[in-house]
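Coordinate inspection notes
Take a look at the letters that make up each chain.
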Amino acid sequence: MVTSRVAFVDATLANQLDLVDSLSDAALSDAAAGGASEASVRIEEIRTQTLVLRDGVVETTLDQVESGLGVRVIAEGSSGFAATVELGRDAAALVARQAIEGARLVAPARNTRFELVNEPGHGEVEYSSTFRTDPTTVAMTDKIALLEEWSRKLLAARGVTHVTAELRAVSEFKRYADSAGTVARQRRVRIHPVFEVVAVSDEGDFETMRTLAPPVGRGWEYLEGDGWDWQSELAALPELLTQKLASPSVASGSYDLVIDPTNLWLTIHESIGHATELDRALGYEAAYAGTSFATPDRLGSLQYGSAVMQVTGDRTVEHGLATIAIDDEGVDGQRFDLIRDGVLVGFQLDRSVASIAGAERSNGCAFADSPLHVPIQRMANVSLQPAPKGPTTDELISGVARGLFVEGNNSWSIDMQRYNFQFTGQRFWLIEHGRITGQVRDAAYQATTTDFWGSMEAVGGPTTYLLNGAFNCGKAQPGQVAAVSHGAPSALFRSVKVLNTKAESGR
């Protein structure tokens, strides 16, 4: 299997493919000689950059590279993992032996055998996310100059008191190989620019507003207008902030909501993405996000939402933050149904959880955030699908007599079963008789997962769809962090409870 042949020209290890191949061969060879029934090796180089400016002045710069080699084995009915930052043949062979020793030490304490559901080999695979310029190779001085220029323009606008500009960029090179015969070389990049403006009134009142541009699996060209109209968004931001500061506080009550994908993606992440991770649903994982109300015994019967609700897990979508060709257990990237016609029909799973659950195959959801960490089950790009001939956002709004149009994510809260939740946003627009009449402040919507998705009357068409997401989804102990995208169209929800957060907090 070959996916998108590319030349890995930038990453250090990617320019030393003979070395990388020899290290991998040494690790697999020693694992087999040591009695491993199955083995895999990951050799990775991850470059991470962070840049933060406050009011046009550089506050933080970070440019770091992590590289290493990790080996996972199955031996004597147990799993073992070992890793090193030393990239030499002797070190690779030693790590393989250490992984086997670890598996054998644990084996007597296990009540059941550790198994991975079968996965065939996929041969030679080369893959790269779609990009023109690796964002980590652009000079830091050029990055600073661009953020300074845009910050100065925002500071010069009427009503803007402070500006924070942040830019995060990551470039990954990974060589995965296993005893089934899969050898995958993969390159992924991602970038997330964010601008936040602050306005302070003469009376000391203040408001903030952030850009809506999502993090994406793209290169530096994203900041040059490929995939987002930065000039238009930044030009509109000061006036939107001024309007927000002058807007009235929302009246608590029941509202119809038209929710933009820039807000809805986070609700998907928390109430669907985490809830359909099978290790949580089985109770094997509870760190950070808890377990799940959507348990396996309800598969095929749980009415998760209304009939217009179609949700997929997808490891293949272009520019997705969790998009891969081969996961960290040698499974090819797939697209699969989680919710169909509002009914729970699937879970996200890796090979070990698939084996526990009696599934025939993993759907490719294993990932480790470092070569020094063992792969765990992680979230795919989980997305709400648009209606093929669905309405525009304006058409959804036109059908609302009294409601709110919600844009941008902000704070959120959800219980440890992924069931009761509350979400705020960047911008809440009052809808009266089918028309937007102005912004309101201090709003949050509150519901249970099934009530909320059950109230979804309509989803927008493909023109309303947008892929959003986050760099920082946390899971497991010791903790690991993964990037993941969530696509959504605009959607209409009827009779949702809206709170006034200022009144609730007693301010």
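Residues numbered from 1 in each chain as written. Predicted model: local features only at pLDDT ≥ 70, side-chain atom pairs only at ≥ 80, totals over all residues. Heavy atoms only, no water.

1. Section: unusual backbone geometry
Heads up, the condition is: In DSSP terms, a helix is any run of H or I states spanning at least four residues, a strand is any run of E spanning at least two, and both are numbered starting from the N terminus.
A cis amide bond links Gln477 to the next residue, Pro478, at an omega of -5 degrees. As for its position among the elements, Pro478 is in the loop between strand S20 (466-475) and strand S21 (480-488). Despite not being glycine, Asp55 has its phi angle at roughly 50 degrees, a positive value. Its place among the elements puts Asp55 in the loop between strand S1 (38-54) and strand S2 (57-75).

2. Structural notes on the layout of surface pockets
What counts, and what does not: Of the two site types, the cavity is a set of points on a 1 Å grid over the protein atoms alone where a 1.4 Å probe fits but cannot get out, and the pocket is an open set with protein on both sides within 12 Å along at least five of seven lines, each lined by residues with an atom within 4 Å of a point. Grid points are joined across faces, edges and corners, and a volume is the space filled by probe spheres set on the points.
The space that makes up the largest pocket amounts to roughly 840 Å³. What lines the largest pocket is a set of 37 residues, among which Trp265, Asn409, Gly469, Ala470 and Asn472 lie closest to the centre. Of all the secondary-structure elements, those providing two or more residues to the lining of the largest pocket are strand S5 (162-178), strand S6 (183-200), helix H5 (261-273), strand S15 (402-414) and S20. Ranked by residue count, the leading element in the lining of the largest pocket is S20, at seven residues.

3. A closer look at helix H4 (residues 230-246)
To be explicit about the condition: By this rule, a helix spans an expected 1.5 Å times one less than how many residues it contains. Bend at a residue means the angle formed by two fitted axes: the first through the 7 residues ending at that position, the second through the 7 residues beginning there. Relative accessibility decides the category of a residue: with a 1.4 Å probe and only protein chains considered, values under 20% of the type maximum give buried, values over 50% give exposed, and everything between is partly exposed. We call two residues contacting when some pair of their heavy atoms lies within 4.5 Å.
The end-to-end C-alpha distance of H4 is 25 Å, a good match for the 24 Å that 17 residues give at a rise of 1.5 Å each. Largest kink in H4: about 35 degrees, centred on Leu237, with the proline Pro238 one to four residues after it. Within H4, burial applies to Trp230, Glu233, Leu234, Leu237, Pro238, Leu240, Leu241, Thr242, Lys244 and Leu245. Buried residues along H4 sit against helix H3 (140-155), S6, strand S7 (206-210), strand S16 (420-432) and strand S17 (435-440).

4. With respect to H5
When the terminal C-alpha atoms of H5 are compared, their 15 Å separation across 13 residues is substantially less than the 18 Å that a helix rising 1.5 Å per residue should span. By the criterion of burial, H5 is predominantly enclosed, with 13 of the 13 residues buried.

5. Points about the sheet that holds strand S14 (residues 381-384)
Stated formally: Here, a strand pair is defined by DSSP locating no fewer than two bridges between the strands. For every element, the axis is a line fit to its C-alpha atoms; helices are fit only across the contacting stretch, and the angle between N-to-C directions ranges from 0 to 180 degrees.
In space, the four strands of this open sheet follow the order S11-S10-S9-S14, with antiparallel pairing throughout. The open sheet has two edge strands, strand S11 (343-344) and S14, and neither has a second partner. As judged from the two bridges shared by strand S10 (residues 335-340) and S11, these two strands associate in the antiparallel manner. Bridge pairing in S11 links Ile339 to Leu344. Packing against the sheet, H5 makes contact with strand S9 (311-314), S10 and S14, and its axis sits at approximately 115 degrees to S14.

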